[in-house]
Amino acid sequence: CQKDKKFVFFCIFFVCLTHEAVAGSDMIDPTNYICAEYVATVSIEHAPPLFEGIQMDGYVAAKEGTTVADSKIMPPLMLEIYALCQSQPEAQVLPLWQKVRARLPVATSGTWRADKTLCKAYNDNPDDGSGFVIWLDGYIRGKDGTDASVLKSDLDLNNFFESCKLEPRKLMQDAMRKAAR
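Just so we're clear, the structure is a prediction, and the values are computed from it rather than from any experiment. Sequence order as written defines residue numbering, which begins from 1 separately in each chain. Since the coordinates come from a predicted model, pLDDT governs what is reported: local features require at least 70, and pairs of side-chain atoms require 80 or more to be given and counted, while whole-chain, interface and lining totals use all residues. Derived side-chain values reflect all non-hydrogen atoms in the structure, with water molecules and hydrogen atoms excluded from consideration.

Focus: the overall build of the protein
- Counting its regular elements, the protein contains nine helices and zero strands.
- Only DSSP runs of H or I covering at least 4 residues are called helices, and only runs of E covering at least 2 are called strands; the numbering of each starts at the N terminus. Along the protein, helices and strands appear, N-terminal first, in the series α-α-α-α-α-α-α-α-α.
- Relative accessibility under 20% of the residue-type maximum defines a buried residue, over 50% an exposed one, and the middle range a partly exposed one, all with a 1.4 Å probe and only protein chains included. In the protein, which comprises 181 residues, the proportion classed as buried is 47%.
- Only the protein chains shown count as cover for residues, with accessible areas throughout obtained via the Shrake-Rupley method and a probe of 1.4 Å. Element-wise, carbon and sulfur atoms account for 55% of the exposed surface of the protein, whose accessible area totals about 9000 Å².

Let's talk about the packing of aromatic side chains
- Two rings from Phe, Tyr or Trp (for Trp, the six-membered ring) form a pair when their centres are within 6.5 Å of each other. A pair whose planes differ by under 30 degrees is stacked, one over 60 is edge-to-face, and the rest are tilted. What the rule picks out here adds up to seven aromatic pairs.
- Ring geometry for Y122 versus F161: centroids 5.1 Å apart, planes at 10°, classification stacked. Of this pair, Y122 sits in helix α6 (residues 119-124) while F161 sits in helix α8 (residues 154-166), placing them 39 residues apart in sequence. In this pair, the class of Y122 matches that of F161, namely buried.
- Between the aromatic rings of F132 and W135, the centroid separation amounts to 5.8 Å while the plane-to-plane angle is 20°, which identifies the pairing as stacked. Separated by three residues within a single helix, F132 and W135 lie in helix α7 (residues 126-144), roughly one turn from each other.
- Residue classification places W135 among the buried residues on the basis of a relative accessible area of 3%.

Points about helix α2 (residues 35-45)
- Residues of α2 that are buried: C35, Y38, V39, T41 and V42. Looking down the long axis of α2, one finds its buried residues gathered within 150° of arc, a one-sided arrangement.
- Contact definition: two residues touch when any of their heavy atoms are within 4.5 Å. Residues of α2 that are buried in the fold lie against α3 (50-64), α4 (74-87) and α5 (93-102).
- Count one or two residues on from α2 and you reach H46, which has phi positive near 55°. Throughout, the arc means the angular range of directions from the helix axis out to the C-beta atoms.

Some words on the pattern of salt bridges
- Here a salt bridge means any side-chain nitrogen of Lys or Arg lying within 4 Å of a carboxyl oxygen belonging to Asp or Glu. Taken as a whole, this structure holds eleven salt bridges when the rule is applied.
- The partner of D57 in a salt bridge is R101, with the nearest N and O atoms 2.5 Å apart. Residue D57 is found in helix α3, and its partner R101 is found in helix α5; the two are separated by 44 residues along the sequence.
- Taking the relative accessible area as the measure of exposure, R101 reaches 4% and is therefore buried.
- For D156, the salt bridge identified is with R181, shortest N-O distance 2.5 Å. Of this pair, D156 sits in helix α8 while R181 sits in the segment after α9 (172-179), and the two are 25 residues apart along the sequence.
- Looking at D156, the relative accessible area reads 2%, which means it is buried.

Some thoughts on the state of the cysteines
- Here, a disulfide means two cysteine sulfur atoms that sit within 2.5 Å of each other. Scanning all chains against the criterion turns up two disulfides.
- Along the protein, the cysteines that take part in disulfide bonds pair up as 1-2, 3-4, counted in sequence order.

Side note on α7
- Taking 1.5 Å per residue as the helical rise, α7 with its 19 residues ought to reach 27 Å, and the 25 Å between its terminal C-alpha atoms agrees with that figure.
- For α7, the buried fraction is high: 14 of the 19 residues fall into the buried class.
- Immediately beyond the C-terminal end of α7, within one or two residues, lies G145, with a positive phi of roughly 65°. An expected span of 1.5 Å times one less than the residue number is assigned to each helix.

A few points about the environment of Y139
- Within the element layout of this structure, Y139 appears in helix α7.
- A residue is classified by how much of its surface remains accessible, and Y139, at 4% relative accessible area, is buried.
- Measuring from C-alpha to C-alpha, the distance between Y139 and V60 comes to 7.2 Å, with 79 residues separating the pair along the chain.
- Once you skip the residues sitting within four places of it in the chain, Y139 turns out to touch G58, Y59, A61, A62, T66, T67 and A114.

Right under this line is the structure:
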C-alpha cells in the first residue's frame, strides 16, 4: 500500500511539473510557512502541496549551496515532510525540510541549474521547465535574502517569460531577478 501511495504521489508530481507555472496565492514565505498550512493544502486539494514544496526546495537548495533542481528527490522528501507535519502542526516547515533534504543525495548535474540554465532551455521546453521556474524563484529568494518574486503576480511572471523570449541567451536567474518585485 505504501509503495502505491508513493507511485501515485510521483505521478501527481510529474503532472504538476508538466503544466505551466502560475503565479498567485500559492506563493509562500519559506521562513514563515508552518506545517498546518502544508497539511491543510493536502486536505483541501487532495494532492501534495507541490507548488509550495518546489518553492521550499529551491529556497533550501540556495541555503545549502546546491544549484541543481532535482525532481527525483521531491516525492520522498514531500512524503516525509507531510508525515512529520501531521504530528507537529505548529512547527515551521523550513527546518524540517533542511533536515530531511540533508539526508538525500545531492544532484551535481542536470538540465535545470540555477547557475547555468539559459532562457533558451525554458523556451525550448516550457512543459518541463515550468517546475524549474517555481524552484528557481524559491532559490533566488533564498540566495538573495529577498521577498522579490515573479510568483507574486501574473504580470511579473509574464514579464519574466517575455524577457526570456527576447533574450534566450540570458541566464534564467538574471531574467527572473529583473522581473521580480
